[in-house]
Amino acid sequence: MANTRERNKIKKKRMKDFKKVRNGHVFGSLVAYLLLMILFIFLFVLVGGYFVEYLLESKFQEEYNRLSTVAEIYEEGKNSGEVLGIISKTSNEYIITDSDGRVLHQNGSNTCSAQGETIYMSNGAEKFLVYKDTESDYIYPDGEGGLDIKWLEVFGWIKQFFKDEFYLVEETAQDELNDETEDKKDQDKDDVETGFSFKLQDTQDIQGIYVTYNQSKEKIEGIKDIDSILLPLWISIDAGDGENFIGKALFSFEMKDVVLVGEIAGMVIIIAFIFSIIMLVSLIKSIRRYFRVRNLFYKDFVTNGKNWNHYLIIGDKRIHGLFSKKNNWAAVNFVFLNYRNYCLCHSIPEGEELLANINSTIMKSIKNDEICAHATTSNFALLLKYDDELQLQQRLQTMVDELTHMEKDHLFSFQVGVSLLPAESNVIETETSEEKIPRKDIFIDDIYNNACAARAELADTDESGIRFYDKSLLLDQQWTDTVQERQRSAVENEEFQVYYQPKYNPEDNTLRGAEALIRWQFSPTELVSPGRFIPLFEKNGFITEIDHYMISHVARDQRAWLDQGYKCVPVSVNVSRAHFIEKDLAEQILGMVDEAGCPHDLIEIELTESAFFDDKKAMIETIKKLKSYGFAVSMDDFGAGYSSLNSLKDMPLDVLKLDADFFRGEDAGERGDIVVAEAIKLAKSLHMRTVAEGVEDEKQVEFLKKQKCDMIQGYYYAKPMPKEDYTARMSR
Ligand code: C2E
Ligand code: MG
Ligand code: MG
């Protein structure tokens, strides 16, 4: 079915639109926020990385230049013998090795590691051989041609250092207050020396990191007194003749620079933090707003529970959810029948309060992942899980029972329609048992709609009841749709055929009349009998057109037969009770018959017995008019449903048609015969002719003949037949 696919497409789009409205705002912002944070961290790390690389390279270059000057002096003067004396007086620590790596000269302690690595400057052109310091390896070649620093440890030391410094300043300030004398200051200095983990020399060492102290300042005033932190690394420089001058470079970081960089980084982080907090707050606000809107979106203001949107969206999630689709689901249309009456007798707010109570009562009896939503006025849409149908039926019955007695002074009625969506096949059946729709193409409103259709089957009564949607209901529904769809074109294409069922006089077995009965040539091979479509036309109002169609066709046929020289007998045409609300019915019939040029006495109008209960006055009027125009009028199906003996009194009818039920079923037999005999007598007393319908066997014919029944219409004589066959039975 292409239509189903298209319908599904539309529904899927609708769902998408729904979700867009509901989700769009918050999740977009959340993703934007996270992306911004990631971007910031990325940029921060990138810029920081470049800065550190630049810093290390420039420091390296500085140290290299310093050491290479010493190496050059050595290279120039190594033959003179004095040069070693000169360079060893500088504060540089170095070792000089021969081509085999043996140490020739050494100044200071040799903490150079054995294994060297080559590093490159960022331009890639210059390369250097460097060695880690064995005692302090906080700066080291990173194995990829660059230098790296053990940041965590260094930061740890810096932190420790500041802590100590702060303590130092506090202590000193306290001491200054206590004693201002120079001697005392010296004493203080000694205290400081013993109190902390570093010594105040030109270059001090705190567990592997060098700290230089600017002696030109007299007083330790916190971190300003400390010039720099030095990280050692050995750099090898070619000193000619295969010798290498390996000097200890000290990467110095000025404390004030460290502090400045720390301050800048801190500020950037603080700004980013404030910015992110502002964004976060606005995001939280949006999320809260989102939940508020979501609640409104799903809220039913009558019951304070959930509304139809909730049922559609969440229900759809349930039946399609990764885990929940494995459940058996049942869509339920739960209808409170007394709502309108209750509102009329009380008030609308009281009625709504009752709906809210119904909602909360149902909510109490459903599970967490099940749904109850207020769909329309007094309709509730439920989505329930079930294991087996019987248990579901009992559960619904319990709900209905509880709600029936929810108010002391009232006894309420509830009708429930159920449509099942079983899990095992993950499909629901459609038009034919073979065609199945996969679960993904099934929408919650489809199954709810089926539940409503099942409920509609109960609509004729005012009593509580539960009805499950089944295959026959589906087929009925589809047939109703098809009829509705095709009815008009069927009239235009003359798909409706007039069949004639002859009426015979049992006395002499002569043809005395006929009844026109409609058939629908639905397809070349399918002839549909009126029982399948007349009730639908009566419901949808199309019956009036059908009655017109039949009267016109019969009148035209009669005219044609007359013209062909046939001895025509009256043909009765059924007119539906729905037609009797039209005041000018008699005129309409007259017009049609006259248009065909058919004598009026060849047309008889059959009215169904049940129609006599409607507007009696109007009916009598119409009958009188029809009779005045020369049409005979008969009462069809006399004795079928309700007794209309009373109607016989007022209605000036010509013919009484005894219903086929008299001759069948439980009424048949001796008692039935008495009733038929009396009915015929009654008709005769009222000057009416009698027709017995549905007569099938000879015994019945014999009995009716004895009772002086005027005509018999039944299979005994003939079944309804096409025009041609009927024509053959007429005499010229
Ligand atoms: P009805 O007017 O009472 O028509 C008599 C029905 O009894 C016909 O059924 C006929 O085929 C059937 N019948 C006659 N003799 C026998 C018999 O011996 N045994 C059995 N078992 N049945 C017999 P049909 O043609 O199916 O029509 C059913 C009903 O549909 C009609 O009942 C009438 O109420 C309605 N109908 C048929 N044609 C029209 C029409 O053109 N307009 C309207 N408004 N109603 C129509
Ligand atoms: Mg009839
Ligand atoms: Mg009948």
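What you see is a predicted model; the values in this text were computed from it and never measured. (Residues numbered from 1 in each chain as written. Chains lettered and ligands numbered in written order. Predicted model: local features only at pLDDT ≥ 70, side-chain atom pairs only at ≥ 80, totals over all residues. Heavy atoms only, no water.)

### Some words on the coordination of the magnesium ion (ligand 2)
On the protein side, the magnesium ion (ligand 2) has Glu515 (OE), Asn574 (OD1), Glu606 (OE) and Asp636 (OD) as donor atoms, found 2.1 to 2.2 Å from it. Donor residues for the magnesium ion (ligand 2) sit on one chain with the sequence pattern E-x58-N-x31-E-x29-D. Separating the magnesium ion (ligand 2) from the magnesium ion (ligand 3) is a distance of 3.8 Å, and Asp636 supplies a donor atom to each of them. You can see Asn574 sitting in strand β22 (residues 571–575) and its partner Glu606 sitting in strand β23 (residues 603–608), a full 32 residues away along the chain. Overall, the relative accessible area of 24% leaves Asn574 in the partly exposed class. (Donors = N, O, S within 2.8 Å, 3.2 Å for Na, K, Ca; no water. Helix = DSSP H or I, 4+ residues; strand = E, 2+ residues; numbered from the N terminus. Buried < 20%, exposed > 50% of the residue type's maximum accessible area, 1.4 Å probe, protein only.)

### A few points about a nonpolar patch on the surface
A cluster of nonpolar residues, Phe40, Ile41, Phe44, Val45, Leu260, Ile264, Val268 and Ile269, forms a patch on the protein surface that exposes about 670 Å² of accessible area. Positionally, Phe44 belongs in helix α1 (residues 2–77). (Patch = residues over 30% accessible without salt bridge, like charges linked within 9 Å, V, L, I, M, F, W, Y side chains within 5 Å. Areas by Shrake-Rupley, 256 points an atom, 1.4 Å probe, with all protein chains shown as cover. Salt bridge = Lys/Arg side-chain N within 4 Å of Asp/Glu carboxyl O.)

### Some details on a positive patch on the surface
Together, Lys285, Arg288, Arg289 and Arg292 make up a positively charged patch on the protein surface. Assessed through its relative accessible area of 54%, Lys285 is described here as exposed. (Lys, Arg positive; Asp, Glu negative; His and termini not counted. Charge placed at Lys NZ, Arg CZ, Asp CG, Glu CD.)

### Comments concerning the site of ligand 1
Near ligand 1 you find 23 residues, and of these Glu515, Asn574, Asp636, Glu696 and Tyr715 are the closest. Contact distances for ligand 1 include 3.0 Å between a nitrogen atom and a side-chain N or O atom of Gln501. Tyr715 places a main-chain nitrogen or oxygen 2.8 Å from an oxygen atom of ligand 1. When isolated, ligand 1 has an accessible area of 780 Å², and the protein chains bury 81% of it. Elements with a minimum of two residues in the shell around ligand 1: β20 (510–523), α13 (543–563) and β24 (632–638). With 4 residues, the top contributor of residues to the shell around ligand 1 is β20. Taken together, the residues of the shell around ligand 1 break down into 8 nonpolar, 6 polar and 9 charged. (Near = heavy atom within 4 Å. Polar contact = N/O pair within 3.5 Å; in protein donor to acceptor, adjacent residues only side chain to side chain. Nonpolar A, V, L, I, M, F, W, Y, C, P; charged D, E, K, R; others polar.)

### A look at the packing of aromatic side chains
Two measures describe an aromatic ring pair: the distance that separates the ring centres and the angle between the ring planes. A full pass over the atoms with the stated rule returns 32 aromatic pairs. Arranged with centres 4.9 Å apart and planes meeting at 65°, the rings of Phe60 and Phe128 form a pair that is edge-to-face. Of this pair, Phe60 sits in helix α1 while Phe128 sits in strand β4 (residues 127–133), and the two are 68 residues apart along the sequence. Per residue, the accessibility class of Phe60 equals that of Phe128, and both read buried. Ring centres 5.1 Å apart and planes at 55° place the aromatic pair Trp308 and Tyr448 in the tilted group. Taken together, the positions of Trp308 in helix α6 (residues 308–320) and Tyr448 in helix α10 (residues 444–456) put the pair 140 residues apart, joining distant regions of the chain. Geometry around Tyr715 places Lys719 over its ring, the cationic atom sitting 4.9 Å from the centre. (Phe/Tyr/Trp six-rings, centres within 6.5 Å; stacked < 30°, edge-to-face > 60°. Lys NZ or Arg CZ within 6 Å of the ring centre and 35° of its normal.)

### Things to note about the coordination of the magnesium ion (ligand 3)
At the metal site, the magnesium ion (ligand 3) is ligated by Asp636 (OD), Asp637 (OD), Glu693 (OE) and Glu693 (OE), and these contacts range over 2.0 to 2.4 Å. Donor residues for the magnesium ion (ligand 3), ordered by position in the chain, follow D-D-x55-E.

### What about the nonpolar core?
Of all hydrophobic cores here, the largest spans 79 residues; its most connected members are Leu704 and Tyr726. The dominant element in this core, judged by the number of residues it contributes, is α13, at 8 residues. Contact partners of Leu704, with chain neighbours within four places excluded, come to Phe663, Val676, Ile680, Ala692, Val695, Cys709 and Ile712. (Core = buried A, V, L, I, M, F, W, Y, C linked by side-chain atoms within 4.5 Å. Contact = heavy atoms within 4.5 Å.)

### Here's the deal with the packing of α13 against helix α14 (residues 585–596)
Angle between the axes and distance between the axes are the two parameters that describe a pair of packed helices. The N-to-C vectors of α13 and α14 enclose an angle of 30°; their axes lie 8 Å apart at closest approach. Crossing angle aside, the handedness with which α13 passes α14 is right-handed. Residues His548, Ile551, Ser552, Ala555, Arg556 and Arg559 of α13 pack against Gln588, Ile589, Met592, Val593 and Ala596 of α14. Taken together, the residues of the contact of α13 with α14 break down into 6 nonpolar, 3 polar and 2 charged. (Axes fitted to C-alpha atoms, helices over the stretch in contact; angles between N-to-C directions. Left-handed = near helix turned anticlockwise from the far one by under 90°.)

### Re helix α17 (residues 670–685)
Between the first and last C-alpha of α17 there are 23 Å, a value that for 16 residues agrees with the 22 Å anticipated at 1.5 Å per step. Among all positions in α17, only Gly672, Val676, Ala677, Ala679, Ile680 and Ala683 are buried. The arc enclosing the buried residues of α17, seen along the axis, measures out at 160°, which places them on a common side. Away from the buried face of α17 by more than 90 degrees, exposed residues Glu670, Arg671, Lys681 and Ser685 are located. Looking at the buried side of α17, the elements it contacts are β24, β25 (655–658), β26 (689–693) and α18 (698–706). Residue His687 follows α17 closely and has a positive phi angle near 60°. (Expected span 1.5 Å × (residues − 1). Arc of directions from axis to C-beta.)

### A short note on the sheet that holds strand β18 (residues 465–468)
Taken in spatial order, the 6 strands of this open sheet run β11-β13-β14-β12-β15-β18, and their pairing is mixed. Each having just a single partner strand, β11 (306–307) and β18 make up the two edges of the open sheet. Here strand β12 (residues 329–336) pairs with strand β14 (residues 379–385) via 7 bridges, running antiparallel. If you follow Ala331 over to β14, its bridge partner there is Leu383. (Pairing = 2+ DSSP bridges.)

### Section: the side chain of Ser276
Among the secondary structure elements, Ser276 is positioned in helix α5 (residues 255–298). What makes Ser276 buried here is its relative accessible area of 8%. Excluding residues within four positions of it along the chain, Ser276 makes contact with Tyr33 and Met37.

### Things to note about the pattern of salt bridges
Counting across every chain of the model gives 27 salt bridges. Across the salt bridge formed by Arg512 and Asp508, the nearest N and O atoms sit 3.7 Å from each other. A network of salt bridges, in which partner residues are shared, links Glu515, Glu606, Lys657 and Glu693.

### A look at the pairing of β12
Most of β12 sits out of view: 8 of its 8 residues are buried. Burial along β12 is two-sided: the residues Trp329, Ala331, Asn333 and Val335 and Ala330, Val332, Phe334 and Phe336 are all buried. Looking at chain direction, β12 and strand β15 (residues 414–421) are connected through 8 bridges and run antiparallel. Along β15, the bridge assignment pairs Val332 with Val418.

### So, α13
Taking 1.5 Å of rise per residue, the 21 residues of α13 would be expected to cover 30 Å, and the 30 Å separating its terminal C-alpha atoms lies within 8% of that figure. Count one or two residues on from α13 and you reach Gly565, which has phi positive near 90°.

### Focus on the pairing of β25
Taking every second residue as pointing to the same face, both faces of β25 are buried, with Val655 and Lys657 on one and Leu656 and Leu658 on the other. As defined by bridge partners, β24 adjoins β25 across 3 bridges and the pair is classed as parallel. Opposite Met635, over in β25, you have Leu656 as the bridge partner. When β25 meets β26, the two strands line up parallel, connected through 4 bridges. Across the sheet, Leu656 pairs through a bridge with Thr690, a residue of β26.

### Notes on unusual backbone geometry
Positive phi, close to 65°, is recorded for Asn304, a residue that is not glycine. Here Asn304 shows up in the loop between α5 and β11. Positive phi is not limited to glycine here, since Asn509 has a value of about 55°. Tracing the chain through its elements places Asn509 in the loop between β19 (496–505) and β20. Of the residues examined, Asn509 reaches a relative accessible area of 46% and is grouped as partly exposed.

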